[in-house]
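Each chain is listed here by its residues.
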Amino acid sequence: MDVLEPTRVVELATRDCLGIRVVTPFRGMLAQRNALLDELTRWLTDQGIDGVGPFFLRLHVIDMSGPMDLEVGVVTPTALPGDERVRPSTLPAGRYATLTYRNHSLRANRALLDWAAGEGLVLDRQEIEDGDAFGCRYEAYRTDPRTEPRKTKWEVELSIRLAD
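Residues numbered from 1 in each chain as written. Predicted model: local features only at pLDDT ≥ 70, side-chain atom pairs only at ≥ 80, totals over all residues. Heavy atoms only, no water.

A. Highlighting the nonpolar core. Formed by 34 residues in total, the largest nonpolar core has its most connected members in Leu 44 and Leu 70. Mapped by element, the contributors of at least two residues to this core are strand 2 (15-25), helix 1 (29-47), strand 3 (55-62), strand 4 (67-75), strand 6 (94-102), helix 2 (105-118) and strand 10 (156-161). Ranked by the residues each element gives to this core, the list is headed by helix 1, at 6 residues. The contact partners of Leu 70, leaving out residues within four places of it in the chain, are Ile 20, Arg 21, Val 22, Thr 24, Met 29, Leu 36, Leu 57, Arg 58, Leu 59 and His 60. One finds Phe 56, Val 75, Tyr 96 and Ala 140 within the second-largest nonpolar core, a separate group that totals 9 residues. (Core = buried A, V, L, I, M, F, W, Y, C linked by side-chain atoms within 4.5 Å. Buried < 20%, exposed > 50% of the residue type's maximum accessible area, 1.4 Å probe, protein only. Helix = DSSP H or I, 4+ residues; strand = E, 2+ residues; numbered from the N terminus. Contact = heavy atoms within 4.5 Å.)

B. Inspection of the side chain of Asn 109 at higher detail. The topology assignment puts Asn 109 in helix 2. Aside from chain neighbours lying at most four places away, what touches Asn 109 is Arg 137, Glu 139 and Leu 158.

C. Spotlight on the pairing of strand 8 (residues 131-134). Where strand 3 meets strand 8, 2 bridges bridge the pair, whose relative direction is antiparallel. Note that in strand 8 the partner of Val 61 across the bridge is Ala 133. Bridging between strand 7 (residues 125-128) and strand 8 involves 4 bridges; their strand directions are antiparallel. Note that in strand 8 the partner of Glu 127 across the bridge is Asp 132. Linking strand 7 back to strand 8 in an antiparallel pair, the connection comprises 2 residues. (Pairing = 2+ DSSP bridges.)

D. Seen up close, the pattern of salt bridges. Applying the stated criterion to the full structure yields 13 salt bridges. A salt bridge links Arg 85 to Glu 39, with the shortest nitrogen-to-oxygen separation between them at 2.8 Å. Of this pair, Arg 85 sits in the loop between strand 4 and strand 5 (87-91) while Glu 39 is found in helix 1, placing the two residues 46 residues apart along the sequence. For Glu 39, a relative accessible area of 23% translates into the label partly exposed. For Arg 150, the salt bridge goes to Glu 148, with nearest N and O atoms at 2.8 Å. Among the residues examined, Arg 150 registers a relative accessible area of 48% and is labelled partly exposed. Overall, Glu 148 belongs to the buried group, its relative accessible area being 15%. What you see here is one network of salt bridges that share partners, running through Glu 5, Arg 8, Arg 142 and Glu 157. (Salt bridge = Lys/Arg side-chain N within 4 Å of Asp/Glu carboxyl O.)

E. A look at the environment of Val 72. By the element assignment, Val 72 lies in strand 4. Judged by relative accessible area, which is 1%, Val 72 ranks as buried. When the C-alpha atoms of Val 72 and Thr 14 are compared, they prove to be 17 Å apart, with 58 residues separating the residues in sequence. Excluding its chain neighbours within four sequence positions, the residues that come into contact with Val 72 are Leu 18, Gly 19, Ile 20, Arg 33, Leu 36, Leu 37, Leu 40, Phe 56 and Leu 57.

Put into structure tokens, the structure is as follows:
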């Protein structure tokens, strides 16, 4: 894992988005992400929507041995209408623990979680029957996946909202 910007806490405003939310097994989750990125990109082109970004993978509920509730989306400059598949949403405002990296998502996630615990930061997370539910946990792709297909080259901003 290449750390491009160190772990830190940032304050973020609410961001409008469009996304596709699905439940999928952990195994195969990244293939599902890739397919959804392709689908969302085609949808944006078909709708004539440009000037968006970054794209992101948001993890609503994590169960590494079961289903993952995730959303593949894109930040939009304003709230935009969607349809039955691509829905408007938001990335909520708040304080976030964040780390920017390239390659090795699992290592980056572990590093950010370990750092937050070491700093005594409390994540906006609760244990539910389906796994760990997060107020907002996402990977924003600073590298546009439409122009760089090699995922190992993507600059990724990993962020987890902190509890109030």
